[in-house]
Amino acid sequence: MVSKELKQTRSQVKLIASVLESEREHNQVYKDSMKNIEQIRQNGHDVMFEVDATKLQDSFAGRRNDIMLDRIQWNFPHWRGKTNHRRNRKLLSDFFSSSKNLLSSGGQVHVALRNHQGGMKATTNTEWRGSWLPAVYAGENGFLQSHLLPYRPEYKLSAYQFRDRPFFAQKESYMHIFTKIGNGCLEDDGEGGRWMEAVPKDIQMYSYFTLFISLPIAANDMEKYSERHCSCSNGTVSGDLWSNQYILDTNFVLDMIQRKVPDGIRAEIKQWRVLREKDSTKELQFGKWKVVEYQVVVFGETIPLTMEYVERYKNMIEDEVDRNTVGTRRGAWNASHVLPVSIL
């Protein structure tokens, strides 16, 4: 059916409704098929059949070569019949991949999902792993989840397992809105691009990792050294290495991290603890207190987070630490998976 709003704005909005089935199959399966098709077309819009949402370019090629869409919307996608999460995740991944080249600059993909499918309200890792991870697959294809809105469909839901059978999605359903991003910009405005506003903090994605920084002077030896040993005006010891004062200063470390990650990524840190370093006999319990451990969390504010990019940020930060300290070892663990901030 065509909403009242689309009837009133037919000159400003061009709707292309599409289905996977052929027109003949659709007419045979759904009793309201012909009536809905006629209503859509009478209101100045279009209907396309045999459109595979994972291969949108194939469907539009030859018919609308110059078309660029402002929005692509898919309500309640699902692999045909009952299946596991793996197939539904691939369905979403392929859909995002096929959408990006048909969207205009700053264009959006809207996907309606049940709460447990979208996972953005998850409060545990188990709940998140039980979702379809749409924000993850969107990010891997250059989309940032920019909005999450409650969604209550006002039309007849009658495509359960490709039959004219209703399904119920009114309760706890959300419209996930993903914005196409290029280097943090929505579009080229002739002056380097128009930057997107930060995503609300309650739907940002994050990842975390551990950062180790070696102290030039063991924490338990600091009182033995006078202030003249430290030239701290620029954060260094003897003009070359960071001093204890700066390594133990969370603001100094956070500023260094924020300079290494791109604009659009926000960082937070927490000084976790100071660790012993193994002594000459390789015994940890007799070593000096020489290694500061920080917990680093990065958030995608205006650009998507992906595992690949987080590992890249982590390596750049560790390279900077290596250049300015002695004896610092890199973290033995990779960064965490990308997660919704509701878990944090």
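Residues numbered from 1 in each chain as written. Predicted model: local features only at pLDDT ≥ 70, side-chain atom pairs only at ≥ 80, totals over all residues. Heavy atoms only, no water.

Got a sec to walk through helix α10 (residues 250-260)? Specific residues and values, please.
Of all the positions in α10, only F252, V253, M256 and I257 are classed as buried. Down the axis of α10, the sector holding all buried residues measures 135 degrees, keeping them to one side. Seen from the buried face of α10, the exposed residues on the opposite side, beyond 90 degrees, are N251 and R259. Its side-chain oxygen placed 2.9 Å from the backbone nitrogen of N251, D249 serves as the N-cap of α10. (Buried < 20%, exposed > 50% of the residue type's maximum accessible area, 1.4 Å probe, protein only. Helix = DSSP H or I, 4+ residues; strand = E, 2+ residues; numbered from the N terminus. Arc of directions from axis to C-beta. Polar contact = N/O pair within 3.5 Å; in protein donor to acceptor, adjacent residues only side chain to side chain.)

Summarise the confidence of the model for the protein chain; cite the residues concerned and give the values.
The predicted model of the protein chain has a mean per-residue pLDDT of 83, with 76% of residues at 70 or higher. When pLDDT is averaged over each helix and strand of the protein chain, the minimum, 48, is found for strand β10 (residues 236-237) and the maximum, 98, for strand β14 (residues 339-340). Per-residue pLDDT stays below 50 along residues 188-193; that stretch engages in five contacts with residues further than four places along the chain or on separate chains. Below pLDDT 50 for its whole length, residues 224-238 participates in 19 contacts with residues either more than four positions away or in separate chains. (pLDDT = per-residue confidence, 0-100. Contact = heavy atoms within 4.5 Å.)

Let's hear about empty space enclosed by the protein: which residues, and what values?
Per the counting criterion, the structure on display carries two cavities of 30 Å³ or more. Taken as a whole, the largest cavity spans an internal volume of roughly 90 Å³. Of all elements in the fold, only α8 (134-140) and β5 (143-150) reach the threshold of two or more residues within the lining of the largest cavity. Residues of the lining of the largest cavity, tallied by class, amount to 11 nonpolar, four polar and no charged. Here the second largest cavity is characterised by a volume of approximately 30 Å³. What lines the second largest cavity is L211, F212, E318, V321, D322, T328, R329, R330 and G331. Elements that contribute at least two residues to the lining of the second largest cavity include exactly β9 (205-214) and α11 (307-324). (1 Å grid on protein atoms, 1.4 Å probe; cavity = no way out; pocket = protein on both sides within 12 Å on 5 of 7 lines; lining within 4 Å. Points joined across faces, edges and corners; volume = space filled by probe spheres on them. Nonpolar A, V, L, I, M, F, W, Y, C, P; charged D, E, K, R; others polar.)

Please give an account of the pattern of salt bridges that cites residues and values.
One pass over the structure, following the stated rule, counts 10 salt bridges. Ionic pairing is found between E301 and R266, a salt bridge with its closest N-O pair at 3.0 Å. Here the residue E301 occupies a position in the loop between β13 (289-300) and α11, and R266 occupies one in strand β12 (residues 265-276), the gap between them amounting to 35 residues. Among the ionic pairs, R273 bridges to E293, the shortest N-O distance being 2.7 Å. You can see R273 sitting in strand β12 and its partner E293 sitting in strand β13, a full 20 residues away along the chain. The partly exposed category is assigned to R273, whose relative accessible area is 44%. We classify E293 as buried; its relative accessible area is 5%. Bridged by salt links that share partners, the residues K260, E320 and R323 form one connected network. (Salt bridge = Lys/Arg side-chain N within 4 Å of Asp/Glu carboxyl O.)

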